[in-house]
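# Residue-level structure breakdown
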Amino acid sequence: MIAQEECAKGFILFLVSIKVIPWNAQIYRVTRDHRCKQLLCVVIDFLTDDDEFINRMNSFILENKRLDIPTRVKDSMFILRHEKIGRWESSAWVWAEDPSYEQTALRVSEGKQDQAKQRSLYVELGKTGEVHATPKEITHEQANTEYEKGRRFVSFLKDLTIGAVPNSIDYKNIENGFRILFSKYFEDV
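Described below are features of the structure shown in this document.

Parameters and conventions
Residues numbered from 1 in each chain as written. Predicted model: local features only at pLDDT ≥ 70, side-chain atom pairs only at ≥ 80, totals over all residues. Heavy atoms only, no water. Axes fitted to C-alpha atoms, helices over the stretch in contact; angles between N-to-C directions. Helix = DSSP H or I, 4+ residues; strand = E, 2+ residues; numbered from the N terminus. Parallel < 35°, antiparallel > 145°, perpendicular 65-115°, else oblique. Contact = heavy atoms within 4.5 Å. Nonpolar A, V, L, I, M, F, W, Y, C, P; charged D, E, K, R; others polar. Core = buried A, V, L, I, M, F, W, Y, C linked by side-chain atoms within 4.5 Å. Buried < 20%, exposed > 50% of the residue type's maximum accessible area, 1.4 Å probe, protein only. Patch = residues over 30% accessible without salt bridge, like charges linked within 9 Å, V, L, I, M, F, W, Y side chains within 5 Å. Areas by Shrake-Rupley, 256 points an atom, 1.4 Å probe, with all protein chains shown as cover. Salt bridge = Lys/Arg side-chain N within 4 Å of Asp/Glu carboxyl O. Expected span 1.5 Å × (residues − 1). Phe/Tyr/Trp six-rings, centres within 6.5 Å; stacked < 30°, edge-to-face > 60°.

### Some details on the packing of helix α1 (residues 2–17) against helix α3 (residues 34–48)
Close contact between α1 and α3 brings their axes to 8 Å; oriented N to C, the two are set at 80°. Judged on the interaxial angle alone, α3 and α1 are roughly perpendicular. Along its contact with α1, which presents Q4, E5, E6, C7, A8, K9, F11 and I12, the element α3 presents H34, K37, Q38, L40, C41, V43 and I44. Of the residues contributing to the contact of α1 with α3, the split by class is eight nonpolar, three polar and four charged.

Put into C-alpha cells, the structure is as follows:
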C-alpha cells in the first residue's frame, strides 16, 4: 500500500510534467497527504485493472453501453480537487447542497483506506492498553492483492514515462478530466 501511494505521487508528478495540473503549494501538499494519494490510487487502480477494462469493453460492444468512467473514479478526482485542494485554498466556502459521493471514494477521503494501511503495519492499542489489532490479522490473500496492485501501478508509471499509455481510451478521459478540474490555474498563463 505504501508503494501504491508512492506511485500515486509519481502519477501526480507526471501530470505536472505534461502541464495537465500546475505545480504549486497545494500539489506539493497532495504529494505528502496519504488520503490524497489514496484517492489517486483509486484512479490508477481503474486504469490498470485489465479485468474491469475487458468487462467494460464487452458491455460496450455486446450491449451498446457507454464507456463512462466509473463514479468511484470521477468522485475520487472531484474530492481530490474540490474537497481537499479546494479547502486548502480557502476554507471559507460551502456547497449549496452537500454532494453525494460514491461510497468507495467517500471511504478513502474519510481515511478508511489509511486506517487499513495503518492496521497492516502497526499494533493498534485501545484506550486501556489492550491490543485491538495486529498486522498478523492481514491475510495472505489480502497481502497478495495489494502486492499485485502495486506491481500494476509500477508498470503503469513505467509505461507513462516511455510514452506507452496503457488503456489509452480511459487514460485520455482521465487526463482530460484532470485538465478540466485544474484549468483555472492555466487561464491566466
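### Side note on the nonpolar core
Core analysis: the biggest nonpolar cluster contains 38 residues, and F11, I21, I174 and F178 have the highest contact counts within it. Only α1, α2 (25–30), α3, α5 (71–89), α6 (103–109), α8 (140–161) and α9 (168–181) provide two or more residues apiece to this core.

### Structural notes on a nonpolar patch on the surface
On the surface, a nonpolar cluster with roughly 300 Å² of combined accessible area is contributed by I2, L121 and Y122. Its location among the elements puts L121 in helix α7 (residues 112–121).

### A closer look at α3
For the α-helix, the turn length of 3.6 residues means that residues three or four positions removed from each other point alike. An ideal rise of 1.5 Å per residue puts 21 Å on 15 residues; α3 measures up with 20 Å between its terminal C-alpha atoms. Counting buried positions over the 15 residues of α3 gives 13, a clear majority of the element.

### Describing the packing of aromatic side chains
Taken as a whole, this structure holds six aromatic pairs when the rule is applied. Look at F11 and F156: their rings are 5.4 Å apart centre to centre, the planes differ by 65°, and that puts the pair in the edge-to-face class. Taken as a pair, F11 in helix α1 and F156 in helix α8 lie far apart in primary sequence, 145 residues in all. Like F156, F11 is buried. Where F11 meets F178, the ring centres are 6.2 Å apart and the plane angle is 75°; that geometry is what we call edge-to-face. One end of the pair, F11, is in helix α1; the other, F178, is in helix α9, with 167 residues separating them in the sequence. Each member of the pair F11 and F178 is classed as buried. An aromatic cluster is present here, built from F11, F156, Y171, F178 and F182 joined pairwise through their rings.

### Here's the deal with the pattern of salt bridges
According to the stated counting rule, one finds 14 salt bridges in the structure shown. When the shortest N-O distance is used, the salt bridge between E52 and R72 registers 2.6 Å. Residue E52 is located in helix α4 (residues 50–63), and its partner R72 is located in helix α5; the two are separated by 20 residues in the primary sequence. The exposure classification of E52 matches that of R72, with both residues buried. Taking the shortest distance from any N to any O, the salt bridge between E83 and R87 comes out at 3.0 Å. Of the two residues, E83 and R87 are both situated in helix α5; the distance of four residues between them amounts to about one turn of the helix. Residue R87 is classed as partly exposed on the basis of its relative accessible area of 32%. Bridged by salt links that share partners, the residues E5, E6, K9, K37, D114 and K117 form one connected network.

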